[in-house]
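One letter stands for each residue in the lines below.
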Amino acid sequence: MNEQIKKEALKLQKELTEHSYNYHVLDDPEISDIEYDMMLKKLIEIEEEFPEYSCPDSPTKRVGAPPLDSFNQADHSIPMLSLDNAFNENDILNFHKRVVKNLNRENILYTIEPKLDGVAIELKYENGILLQAVTRGDGITGEVITDNIRTIRSVPLKLNENKIKIPSLLEVRGEVIIKHPDFKRLNKTRLENKQNIFANPRNAAAGSLRQLDSKITSTRPLDIFVYGTGLVNGISFQTQAQMLQNLKSFGFPVNTNIKPGVNITQVLKSYKELENLRSTLAYEIDGMVVKVDDISFQKQLGEKIKSPRWAIAWKFPAMEKTTIIDDIIVQVGRTGVLTPVAVLKPVNIAGVMVSRATLHNEDEIKRKDIRIGDKALVIRAGDVIPKIVKIIKSHRDGTQTSFQMPLKCPVCNSNIEKTKLDKSSINKCVNASCQAQLKERLKHFVSKKAFDIDGFGKKIVDQLVDENMLKSFADVFLLEKEKLADLERMGQKSADNLIKSMKKSKNVALQRFIYALGVDHTGENAAKLISKTYLNLNDVMKTTIEDLEEIHGIGSETAQAVCNFFSLQENTTIINQMIELGVVITNTQISEIKISDNPFKNKRIVLTGTLQSMTRSFAKKQLENFGAKITSALSSKTDFLITGENPGSKLEKAQNLGVDIMDETIFIELLENHK
Ligand code: IVH
């Protein structure tokens, strides 16, 4: 009897998977919705009674799993980069020139794809089964949203094996989207149910993927197109076009408006074609992605910190609207730089009310001849701060007034220093303890991604600085409940909560701590990369520019800024004060667990020869982080000899002593695999 039920479950699982693929990927259903629902209902009943007959790729998993308390985090095996933007033909031709120059060959072929405006995710298949789905997050770490992704009908829970052998590991990257008709229907239902409507399909997709209850996600009309891979074992691809072809035969939806293997002339021509197609497509696209087709060329070109050198996004012009510039004010930033900001008559651009636009600097105002009272064309491109494209000069009636950059800081009245950077000049308040700078630094310090002190909003920082209660980062940990409660608009309860969250924040991860300091050129990513390399704050404070530059993803500006920051006594004094006040900084990136599970742990290692990919001291530091002991003398107790170029006499000695020899390639591979 049970055997028969098992057979039926397997049959239903197989058939439902096929029907789902026909419907959602091929757009060619073979049975009616009702028939599908009946079969699914039957399978749900069987699996509820006999859970042993269910499996991770059963179509029943698409209806959602029990709600989660929070999302787990997972590191990407290979960082998920973003793309550089091109805005015109010239930018694309320059990109092409760089590719030609770097590869030292003409006749480059590209694959061009629509740039989908959705949410980037990564799907991990082990032996053909979808086991994990992760958001892009910060590119290095994302949130595990497997249950939510399983609800997307067009995502295969199991790879098709009809043409190509299933690889043991396949990480696939793509964009979750919502198609226009589905989006309209979703908002209509929400309106009927008196729920807030989503501003655009991307927000709706992002919001749906953020649900802790995957049953809610399962009610959202999410869809996906895949466009690339992460780490892959057991299969290789020669070209981007071939990779997409293979992904398609595994059962993934691949966009149909992709052009494989085209030359630069065809790339230029295709942009207009795609732009014309844009309004006819069922989904939102915001540009065209141009990728070098040959994957060995992609590897040769490599990556920069945040983006590959082998691909570029040629953006479509973003949404623009005209409005009036009511005023131009000047803001003082964290580093003292004065930025003029246009105060606009509020205008709705693609679902978002815009009332401010950055004017960057004085030169930009002069160049564009921007005056108070002008009518301006404002652009809101993606998540970027709105900008003024141009002034509508025909609107001028003589009432417009020109803007003058103040000669003194509008906040502390100190002198302004003018410096030239590239072609534009920067105005900076010379007073390092200018209230405005201090306020901005403190707002950053307590913000969500830094110390994350709940209830410590921007207004409170302003208030506390104005009241002289905050003069440095360390003062945050000296705040007292009674004094806080006395402040205007504060009260006992808020003061109490603020102190509680301040105390809680004292246990801080190293990466957050570094980020919180607001060092120039050191954002979240850089802070994370640094804490993946150094065991503790002390090691970071002692490091050198050369060692920091060895970290893949850290550039020379960041390396210099970090070393400069820690070389200033006033900064180290404040850090020491914080530690005395109970701030405990833990490295959560290099955990004990990692140390306990790697091939270098407790090994005696000797390094010899010149390493090509890093300095000797950096290699030593890395190995020590993995729990290895580095010695200079080779003996029979040595576990490994790591050899660079020209290893000298140590190599022969190691061979005689029977010590294991590891060349640089294997060393780097092991290091990377265990990070
Ligand atoms: S390739 C290293 N292809 O654009 C290559 N990305 O700005 C990076 N996107 O995070 C991705 N359509 O979310 C690629 N056809 C496409 C894309 C695409 C949309 C998104 C993706 C990525 C962002 C990069």
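Source: prediction; values computed, not measured.

Q: Sorry if this is basic, but what is going on with the overall build of the protein chain here?
A: Along the protein chain, the regular secondary structure elements total 25 helices and 26 strands. A globule of 675 residues ought to have a C-alpha radius of gyration of about 26 Å, and the protein chain, at 29 Å, matches this closely. Going through the 675 residues of the protein chain one by one, you find that 47% of them count as buried. Expressed as a percentage of contacts within the protein chain between residues at least 6 apart in sequence, the contacts between residues at least 24 apart total 68%. Looking at the protein chain as shown, the accessible area adds up to about 35100 Å², and 49% of this sits on carbon and sulfur atoms. Between the mean site of the 93 positive side-chain charges and the mean site of the 88 negative ones, the protein chain shows a separation of 3 Å.

Q: What am I meant to see in helix H17 (residues 524-533) here?
A: For H17, the buried fraction is high: 8 of the 10 residues fall into the buried class. For H17, the set of buried residues is Ala526, Ala527, Lys528, Leu529, Ile530, Ser531, Lys532 and Thr533.

Q: I would appreciate a short explanation of the sheet that holds strand S9 (residues 259-262) in the present structure.
A: Across a sheet, paired strands are connected by hydrogen bonds in the backbone, their directions being either parallel or antiparallel. Taken in spatial order, the 5 strands make up an open sheet running S2-S11-S10-S3-S9, and their pairing is mixed. Every interior strand has two partners, whereas the edge strands, strand S2 (84-86) and S9, have only one. Put simply, the sheet's adjacent strands are angled 30 degrees from each other on average, direction ignored. Sheet topology places strand S10 (residues 285-292) next to strand S11 (residues 311-315); 5 bridges connect them, and they run antiparallel. Counted as the bridge partner of valine 289 is alanine 313 from S11. Against the sheet, helix H3 (residues 89-103) engages S2, strand S3 (110-116), S10 and S11, with an angle of about 175 degrees to S11. With respect to the sheet, helix H9 (residues 264-278) is in contact with S3, S9, S10 and S11, its orientation differing from that of S10 by roughly 160 degrees.

Q: I tried to follow the layout of surface pockets on my own but got confused; where do I start?
A: In this approach a probe as big as a water molecule rolls over the atoms, and the regions it shows empty are the leftover space. Looking at the second largest pocket, its volume works out to about 1400 Å³. Lining the second largest pocket are 40 residues; nearest its centre among them are Arg334, Thr335, Lys428, Arg441 and Asp520. For the lining of the second largest pocket, the secondary-structure elements that each account for two or more residues are strand S19 (416-421), strand S20 (424-429), helix H12 (435-446), helix H20 (556-567) and helix H21 (569-580). For the lining of the second largest pocket, the class distribution of residues is 18 nonpolar, 13 polar and 9 charged.

Q: Any chance you could explain the packing of aromatic side chains here in plain terms?
A: Aromatic ring pairs: the centre-centre distance and the angle between the two ring planes describe each pair. Applying the stated criterion across every chain yields a total of 14 aromatic pairs. Judged by centre distance (4.5 Å) and plane angle (25 degrees), the rings of phenylalanine 445 and phenylalanine 451 are stacked. With relative accessibility at 3%, the residue phenylalanine 451 sits in the buried group. For the ring pair phenylalanine 451 and phenylalanine 513, a centre distance of 6.0 Å and an interplane angle of 65 degrees mean the geometry is edge-to-face. Here phenylalanine 513 lies in helix H16 (residues 510-516) and phenylalanine 451 lies in the loop between H12 and helix H13 (458-466), a separation of 62 residues in the sequence. Each member of the pair, phenylalanine 451 as well as phenylalanine 513, is classed as buried.

Reading the values: rules and limits
Residues numbered from 1 in each chain as written. Predicted model: local features only at pLDDT ≥ 70, side-chain atom pairs only at ≥ 80, totals over all residues. Heavy atoms only, no water. Helix = DSSP H or I, 4+ residues; strand = E, 2+ residues; numbered from the N terminus. Rg over C-alpha atoms; globule rule 2.2 N^0.38 Å. Buried < 20%, exposed > 50% of the residue type's maximum accessible area, 1.4 Å probe, protein only. Contact = heavy atoms within 4.5 Å. Areas by Shrake-Rupley, 256 points an atom, 1.4 Å probe, with all protein chains shown as cover. Lys, Arg positive; Asp, Glu negative; His and termini not counted. Charge placed at Lys NZ, Arg CZ, Asp CG, Glu CD. Pairing = 2+ DSSP bridges. Axes fitted to C-alpha atoms, helices over the stretch in contact; angles between N-to-C directions. 1 Å grid on protein atoms, 1.4 Å probe; cavity = no way out; pocket = protein on both sides within 12 Å on 5 of 7 lines; lining within 4 Å. Points joined across faces, edges and corners; volume = space filled by probe spheres on them. Nonpolar A, V, L, I, M, F, W, Y, C, P; charged D, E, K, R; others polar. Phe/Tyr/Trp six-rings, centres within 6.5 Å; stacked < 30°, edge-to-face > 60°.

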